[in-house]
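Letter by letter, the chains look like this.
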Protein chains: 2
Amino acid sequence: MAVRALKAMSKYLINGIAADYLHASDRTIHYGDGLFETVLCHADRLYYWPQHYSRLQQSAEKLQICCPHENVLLNDINKLLSSGTQPAAIKIILSRGCSERGYRYTQKQQPTRITSLNPLPADYSSLLNRQLAGGELFVCRQQVSINKNLAGLKHLNRLENVLARNEFKDEYIDGLMLNNNNHVIEGTMSNLFAVKNAQLYTPELDLCGVTGIMREQIMQAAEHRRIPLSVVRLTLEDLLAMDELFISNSLIGMSTVSRLAERVYTSSEITATVFNELLSTMDNYAQPV
Amino acid sequence: MAVRALKAMSKYLINGIAADYLHASDRTIHYGDGLFETVLCHADRLYYWPQHYSRLQQSAEKLQICCPHENVLLNDINKLLSSGTQPAAIKIILSRGCSERGYRYTQKQQPTRITSLNPLPADYSSLLNRQLAGGELFVCRQQVSINKNLAGLKHLNRLENVLARNEFKDEYIDGLMLNNNNHVIEGTMSNLFAVKNAQLYTPELDLCGVTGIMREQIMQAAEHRRIPLSVVRLTLEDLLAMDELFISNSLIGMSTVSRLAERVYTSSEITATVFNELLSTMDNYAQPV
């Protein structure tokens, strides 16, 4: 009964309490002053949770935002799942909290956590197995700006992603974003990998971009399968000279790129090896909830 | 009675209705997907309103956010003032609105407006007259990132300002932010001007920074008083070689810089001329509310 009431009321929890509304003085609204994580939950299992929590914790420390204990967030997730459908994307927003007008914050500020459950298509598991079909990658005009202090973080200042994403239609699997040094960085919602001569490449993210959880997993998968991988600066021209490309994120896993600009790619053994490694190990990274 | 109830309830209006809470699916929370304005209201007069509204409208058009009619916002402001104290900073946040999870937006999306009244110190008018006293400017390590599409806009992705502002204490009048070409851009909450040999200089904001309303007014004041002004790229070294510096924003008007790093400045005739021009014309830009 309580569970049904929760479902009817809200798909959000604000600091663990079912509520659709956030206080208007929250710093996410005024400054985008916070972080987020998007976690896959499928068949009552949470994928790569320790990796997500660890990134959130480390990023929060960097921005001097108080990070809730892991169990506090797991409690929220359990509450959401008790009334929500799966598969789902659990979105966790960690805000620095509320404050008066002004950029200044105090270091021991009470944070706000905004968690939500976002149902995924019912055939989600088949999405994971469909990756080799691939799709076309758009090249966005909107760049991702260079900022060493924010590089790597999944923070809430996402206007660039919003503008980039709205340059292309749903036919594309994602849009590629470059920085203003003309280096390829990432997709609007994914990381990028490339293969050439049986070696993997992925863009350096020391100046900008988000260090995705699935990116880390792919790097580990490559290591495990002894596929050489280099983290490098890549231009669009470099990508056009590659043998194959794929993108990754926590919800899609991996997806091959069939086309970029005029270049048509075919998927090869390397991508399939990484994909199989990922697929065969991902259940080890899933914890029951 | 209704007015007192409003005051007791909330200092925010969400789409014109007194409310302290914003829907959790609002895109300001998730992406900082919106714009803001901070307008000075003093003795029932709203300062530089047409300039603020015009900037908001033009910026909204650039980001494809629907901008409410001017009268809709003026109605909100009147409601806020009916129960609030003055002088005050009226903050208007224009959000792209609510949406499902995902960066994509639809072009005709219903926007959200979040307006609030933030009381200023009661002796505010004396602040305007105290500017020549000046204060020290901090040099922030946090840079302002280059993004041609967002340059000039007062958008809600303000994590850089938040981080920069928290590098220094309240003793400083503001903190100076540079871009990663090592060009000086602005203060965390102000624009910058410099004087050398009876000529004014202000940083070019084509790559990053906010084109402040007061910055525009100062440029007009300089023109009116026939003070030559150049919009240029300036380094920190250039600033140290200047005769004097001042900062500006819509709430403080102008404030001289007495010190930057080891350099001590004194205020001269040029700054005083601009200040007097601003002070003598600002009432022409104030409309009764």
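So, here is what we can say about the structure in this document. (Residues numbered from 1 in each chain as written. Chains lettered and ligands numbered in written order. Predicted model: local features only at pLDDT ≥ 70, side-chain atom pairs only at ≥ 80, totals over all residues.)

With respect to unusual backbone geometry
Which entries qualify depends on this criterion: Numbering of helices and strands starts at the N terminus; helices are DSSP runs of H or I of at least 4 residues and strands are runs of E of at least 2.
Cis geometry is found at the peptide bond from Gln86 of chain A to Pro87 of chain A, where omega equals -5°. Mapping Pro87 of chain A onto the fold places it in the loop between α4 (70–83) and β6 (88–95). The phi angle at Gln64 of chain B is positive, at roughly 60°, despite the residue not being glycine. If you trace the backbone, Gln64 of chain B turns up in the loop between α3 (49–62) and α4 (70–83). One non-glycine residue, Asn197 of chain B, lies in positive phi territory at about 50°.

Structural notes on the sheet that holds strand β1 (residues 12–14) of chain B
All names here are of chain B. As a reminder of what qualifies: Here a strand pair is declared whenever DSSP counts at least two bridges between the two strands. Contact definition: two residues whose C-beta atoms, as placed from backbone geometry, lie within 7 Å. Angles here are taken between N-to-C directions and fall from 0 to 180 degrees, while the axes themselves are lines fitted to C-alpha atoms, restricted in helices to the stretch in contact.
Reading across from one edge, β2-β1-β7-β6-β4-β5-β17 is the order of the seven strands in this open sheet, with antiparallel pairing throughout. The open sheet has two edge strands with one neighbour each: β2 (17–18) and β17 (286–288). As paired elements, strand β4 (residues 34–42) and strand β6 (residues 88–95) share eight bridges and run antiparallel to each other. Residue Cys41 lies in a different strand from β6, and its bridge partner there is Ala88. Against the sheet, α4 engages β1, β4, β5 (45–47), β6 and β7 (112–119), with an angle of about 35° to β7.

Notes on the pairing of strand β9 (residues 174–178) of chain A
All names here are of chain A. Quick note on the threshold: Think of it as a crowd count around each C-beta: if 20 or more other C-beta atoms lie within 10 Å the residue is buried, if 12 or fewer it is exposed, and in between it is partly exposed, with C-beta placed from the backbone throughout.
With five of five residues buried, β9 lies mostly within the body of the structure. Strand direction decides the pairing type here: strand β8 (residues 135–139) and β9, joined by three bridges, are parallel. Following the sheet pairing, Val139 is matched in β9 by Leu176. With three bridges connecting them, β9 and strand β10 (residues 184–187) associate as antiparallel partners. Each residue of the ladder has a partner; that of Leu176, found in β10, is Gly187. Where β9 hands over to β10, the hairpin turn is made up of five residues, of which Asn182 adopts a positive phi near 65°.

Thoughts on the relation of the copies chain A and chain B
Applied cut-off: Least-squares superposition of the copies uses the C-alpha atoms of those residues scoring a pLDDT of at least 70 in each of them.
Between the two copies, chain A and chain B, the superposition gives an RMSD of 0.0 Å; the rotation angle is 180° and the shift along the axis is 0.0 Å. The superposition of one copy onto the other is thereby described by a two-fold rotation axis.

Here's the deal with the interface of chain A and chain B
In plain terms, the rule: As a working rule, the residues Ala, Val, Leu, Ile, Met, Phe, Trp, Tyr, Cys and Pro are called nonpolar, Asp, Glu, Lys and Arg charged, and the rest polar, with Gly in that last group.
Contacts between the two partners involve 43 residues from chain A, matched on the other side by 43 residues from chain B. Broken down by secondary-structure element, the contributors of at least two residues to the side of chain A that touches chain B are β1 (12–14), β3 (21–23), α2 (27–31), β6, β7 (112–119) and α6 (159–165) of chain A. If you tally residues by element for the side of chain A that touches chain B, the top one is α6 of chain A, at six residues. Considering only residue class, the side of chain A that touches chain B consists of 19 nonpolar, 16 polar and eight charged. Bridge count between β3 of chain A and strand β3 (residues 21–23) of chain B: three bridges; the pairing is antiparallel. What sits directly across from His23 of chain A, in β3 of chain B, is Tyr21 of chain B.

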